[in-house]
Structures are given as structure tokens and as C-alpha cells.
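# Summary of structural features
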Amino acid sequence: MLFSNINGINKKKIVLLPHDHPDGDALGSSLALLFYLRKLQHNVDLISSTEYSKSFQWLPGIKDIIVFSEKNKFLIRKKIENSDYIFLIDFNNISRIKNLRNFLVSSRAKKVLIDHHPHPSYFDFMFSDPKVSATSILVFRFISNMNNLNKIDKEIATCLYVGLMTDTGFFRFPSITSETHFIAGKLIEKGIHVSNIYNLLQEKYNENRLKLLSKALNRLRVLKKYHTTYTSIDASDLNILSCKKEDTEGVIYYGLGIENIIFSVFFFEEKIKEPIKISFRSKGNFDVSLFARKHFKGGGHKNAAGGISEKSLSESIKYFLSIIPDYYSSLITSI
Ligand code: 5GP
Ligand code: MN
């Protein structure tokens, strides 16, 4: 029904929603769908609940994204409430679009989930597969299942490739399958420029970002017995160095690179008195999505997850240190 409606002659009003602080996969998947559904003559809007990182400004179509603000919230509300279909892209729970969730709840549009996170909430149409390495793969399958692969042009292919590249850590992560590379190959056949994309995605550092990293590395603690490491950045670090959330990207992986470490945790205080954002990464069998879900109202994937804590930064770390011994046996058997 969805496919025949979308492939049919009647124009539909469609709203595409990636998750808060959209990453390369959320943006790439959403922009690819924006181009694709517009090619099918639908009336499509891509709305982001928060700002996106400046590093993605070069993406095709990015200027078409409507970013939520106090000024345009009535317009956005109207678009969401009056749409026929709403696509939820690269997230599985409406808590991940904090500025838009109420509009979504009051909209009578059919909701279509396209996502690869485990344990999704249920929506009208589900394209959910936690086994795939990126939501971009599900968008490719979506287009393929409608027999429309010929509609993938260089721009769509670029967007999907960005999703693949970023969510697989540049084709490194264990979630990669032959399908990942099969699709990458099909996208390359559309004429995309792989090394240009790679260069554009390479993060450009300014000096302060490196200073912020140095603070995090100075604060890094290794819990040898638990094969675990953790560190933090607080609001005063950000203020002193004029840095933003996006400047902390990648900090968590340094600890994970230490020999015999399989669990890395990063505590992030963006603003004083706001919840602490916590990121988790692991190697091998230690499932950080379960850990995030059980203790920090979060979730994610087996080896990459996140959550929040309402406690202060130091109390959050204390709490973390108090629960880590419970994981001793699963940490030592995962190495
Ligand atoms: P990051 O550490 O990069 O913020 O998030 C890593 C992964 O964890 C994301 O791709 C997402 O799947 C998941 N994640 C991060 N924060 C949250 C959260 O607050 N709730 C849930 N359910 N998942 C999260
Ligand atoms: Mn993703």
C-alpha cells in the first residue's frame, strides 16, 4: 500500500525527520529520500529538530533542510500535522526528536520508520533491520523494492554513500557485510567521487579543538581490572575554548585504542544544570546498548550507544564507578 501510494500518480505531502543532531547517516539517508521522493513528484520537506554539524554543509540538498527554531515552529507544526506521510529516519523512538515529538504525536499522518537501531517503537510502516550497518542501506533497499534504482542519480548516491561511510567508520566496523560493499559498488557506478567525499568528510580541526582533546586525554582514567576507560568534558572546558558539542566527536575512541581496553565511556556536560550526555563504545561482545538502556535511559547498538544522566557530572561518574564491578565477569569474558 505504501509503495503503490508513493509510486502512484497522486502527489503526497511527505515530511522527513532525521534524529536530533543528525549524523552522516541520518542526513545522508534523509537527503537521499528528499531527492528521490521529489523525483516522484511528491511535496516533500526535510525538517531537522536541531542544528546539524557545519562539517556537513557541503552535502547536496543540505540548504533545503528546515531547521527547527522558535521562529518557524508554527510553520513546522503545520507541515507535520498536515502531511500524509512522516518518515522517521535513523532513530527508533520519538524521544530522539525532542523539539518535534509533540507535533508528531498530534499528526494523523501515516508514520514510516526507516532505521537500524534495535528495539524500535512500532509505527504504521516499519523498515527496521538492526543487522544492517547504516540506515542508508535501508533507503537503498526501499528504492530498490520499488524497482526504482534507475532513479538514483549522482546526488542521491553521494548522500547514501556518506551514510555508509560514516556509520561504518569508513568501512571498518564489524557490522559490515557483503551487502554494504555491494551497495557501495552500485553507488560508485552512479559516478560519485569517492576520494572527494572522503576528503570532505575528514574533519578539519582548529587549534582549540585539539586543546579540548588534550583536556579529555589528561582526564582519561583506565580501570585496568575492568578493561574499561572513561573521560569527560564539562561546560567550562567548552566555554574557555569556545568549543561546541561537535568538537568532542571522536574523543571516545582514543581510550578504546588502549591495549586490552574493550569499553570506553565519555561523559559530556554541555551546559551546567542540564542532563549529562554519556557515550559508550565497546569492542567485541560487550553490549553497550544494554548497559546504556539499563542505567542511563539510553540505547543504541551493541558496540556504540548513548544515554543521559540527570545527576551532576561528578555524581554521574561516581554512579558509573559504582556499577562497573557488576559487569566484571562479562567484561573479562568479552576480551
Ligand atoms: P553517540 O555516542 O554518538 O551520541 O551515540 C551512539 C549511538 O547511540 C547512536 O547512534 C544512537 O544509536 C545511540 N544513542 C545515543 N544517545 C542515545 C539516547 O539518549 N537514547 C538512545 N535510545 N540511543 C542513543
Ligand atoms: Mn545510522
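Above: the structure in question.
Residues numbered from 1 in each chain as written. Chains lettered and ligands numbered in written order. Predicted model: local features only at pLDDT ≥ 70, side-chain atom pairs only at ≥ 80, totals over all residues. Heavy atoms only, no water.

## Quick notes on the overall build of the chain
- Of the regular secondary structure elements, the chain holds 14 helices and 12 strands.
- A globule of 335 residues ought to have a C-alpha radius of gyration of about 20 Å, and the chain, at 20 Å, matches this closely.
- On the principal axes, the C-alpha backbone points of the chain span a range of 60 × 45 × 40 Å.
- Every one of the 335 residues in the chain was classed for burial, and the buried ones make up 50%.
- The long-range share in the chain, meaning contacts at least 24 apart out of those at least 6 apart in sequence, stands at 65%.
- With an accessible surface of roughly 16,300 Å², the chain has 51% of that area assigned to carbon and sulfur atoms. (Helix = DSSP H or I, 4+ residues; strand = E, 2+ residues; numbered from the N terminus. Rg over C-alpha atoms; globule rule 2.2 N^0.38 Å. Buried < 20%, exposed > 50% of the residue type's maximum accessible area, 1.4 Å probe, protein only. Contact = heavy atoms within 4.5 Å. Areas by Shrake-Rupley, 256 points an atom, 1.4 Å probe, with all protein chains shown as cover.)

## Some thoughts on the site of ligand 1
- Taken together, 13 residues surround ligand 1, and among them His117, Lys277, Ser279, Arg281 and Ala305 come closest.
- With respect to ligand 1, the side chain of arginine 281 contributes an N or O atom lying 2.9 Å from an oxygen atom.
- Protein chains bury 77% of the 500 Å² of accessible surface belonging to ligand 1 in isolation.
- Only strand 10 (276-282), strand 11 (299-300) and strand 12 (304-309) provide two or more residues apiece to the shell around ligand 1.
- In the shell around ligand 1, the residues fall into 2 nonpolar, 8 polar and 3 charged. (Near = heavy atom within 4 Å. Polar contact = N/O pair within 3.5 Å; in protein donor to acceptor, adjacent residues only side chain to side chain. Nonpolar A, V, L, I, M, F, W, Y, C, P; charged D, E, K, R; others polar.)

## A few points about the sheet that holds strand 5 (residues 110-115)
- Spatially, the 6 strands line up as an open sheet ordered 3-2-1-4-5-6, and their pairing is parallel. Each edge of the open sheet carries a strand with a single partner, namely strand 3 (66-67) and strand 6 (125-128).
- Sheet topology note: the strand 2 (residues 43-48)/strand 3 ladder contains 2 bridges and is parallel. In the sheet register, isoleucine 47 faces strand 3, and the bridge partner there is isoleucine 66.
- Sheet strands touched by helix 3 (residues 73-81): strand 1 (13-18), strand 2, strand 3 and strand 4 (85-89). Its angle to strand 2, the strand with the most contacts, is close to 130°. (Pairing = 2+ DSSP bridges. Axes fitted to C-alpha atoms, helices over the stretch in contact; angles between N-to-C directions.)

## Describing a nonpolar patch on the surface
- On the surface, Tyr205, Leu210, Leu217 and Tyr254 cluster together to form a nonpolar patch covering roughly 390 Å² of accessible area.
- The topology assignment puts tyrosine 254 in helix 11 (residues 251-256). (Patch = residues over 30% accessible without salt bridge, like charges linked within 9 Å, V, L, I, M, F, W, Y side chains within 5 Å. Salt bridge = Lys/Arg side-chain N within 4 Å of Asp/Glu carboxyl O.)

## Quick look at unusual backbone geometry
- One non-glycine residue, aspartate 90, lies in positive phi territory at about 70°.
- Looking at the element boundaries, aspartate 90 is found in the loop between strand 4 and helix 4 (101-106).
- You will see that serine 242, though not glycine, has its phi angle at about 50°, which is positive.
- You can see serine 242 is positioned in the loop between helix 10 (235-241) and helix 11.
- Since its relative accessible area comes to 63%, serine 242 is described here as exposed.

## Structural notes on the coordination of the manganese ion (ligand 2)
- Listed as protein donors to the manganese ion (ligand 2) are Asp25 (OD), Asp90 (OD), His116 (NE2) and Asp167 (OD); their distances from the metal cover 2.2 to 2.4 Å.
- Taken in chain order, the donor set of the manganese ion (ligand 2) reads D-x64-D-x25-H-x50-D. Placement of the pair is aspartate 25 in helix 2 (residues 24-39) and aspartate 90 in the loop between strand 4 and helix 4, with a sequence separation of 65 residues.
- Residue classification places aspartate 90 among the buried positions, given a relative accessible area of 2%. (Donors = N, O, S within 2.8 Å, 3.2 Å for Na, K, Ca; no water.)

## Topic: the nonpolar core
- Residues Leu16, Leu33, Tyr36, Leu37, Phe87 and Leu187 are the most contacted members of the largest nonpolar core, which totals 51 residues.
- The contacts of leucine 37, once residues within four sequence positions are left out, are Ile6, Ile14, Leu16, His42, Val44 and Phe87.
- Among the nonpolar cores identified, the runner-up in size contains 23 residues, and Tyr230, Phe263, Val265 and Phe296 belong to it. (Core = buried A, V, L, I, M, F, W, Y, C linked by side-chain atoms within 4.5 Å.)

## A short note on the packing of aromatic side chains
- Here the structure, examined in full by the defined rule, presents 24 aromatic pairs.
- Plain terms: the ring middles of phenylalanine 280 and phenylalanine 296 are 5.7 Å apart, the flat faces sit at 35° to each other, and that makes the pair tilted. Here phenylalanine 280, found in strand 10, pairs with phenylalanine 296, found in helix 12 (residues 288-296); they are 16 residues apart in sequence, far enough to count as distant.
- Using a relative accessible area of 0% as the deciding quantity, one classes phenylalanine 280 as buried.
- With a relative accessible area of 2%, phenylalanine 296 lands in the buried category.
- Seen from their ring centres, phenylalanine 291 and tyrosine 327 are 4.8 Å apart, and the 65° between their planes marks the pair as edge-to-face. Of the two residues, phenylalanine 291 sits in helix 12 while tyrosine 327 sits in the loop between helix 13 (313-323) and helix 14 (328-334), which places them 36 residues apart along the sequence. The pair phenylalanine 291 / tyrosine 327 is uniform in exposure class, with both members buried.
- Site record: aromatic cluster; members linked through ring pairs are Tyr230, Phe263, Phe267, Phe280, Phe286, Phe291, Phe296, Tyr319, Phe320 and Tyr327. (Phe/Tyr/Trp six-rings, centres within 6.5 Å; stacked < 30°, edge-to-face > 60°.)

## Points about the pairing of strand 1
- With 5 of its 6 residues buried, strand 1 lies for the most part within the structure.
- In this sheet, strand 2 lies alongside strand 1 in parallel orientation, the contact comprising 4 bridges. Within the sheet, the bridge partner assigned to leucine 16 lies in strand 2 and is leucine 46.
- Once the chain exits strand 1 it traverses helix 2 before rejoining the sheet at strand 2, and the crossover so formed is right-handed.
- Judged from the 5 bridges that link them, strand 1 and strand 4 form a sheet pairing that is parallel. The residue of strand 4 that forms the bridge with proline 18 is isoleucine 89. (Right-handed = clockwise from strand over helix to strand, strands pointing away.)

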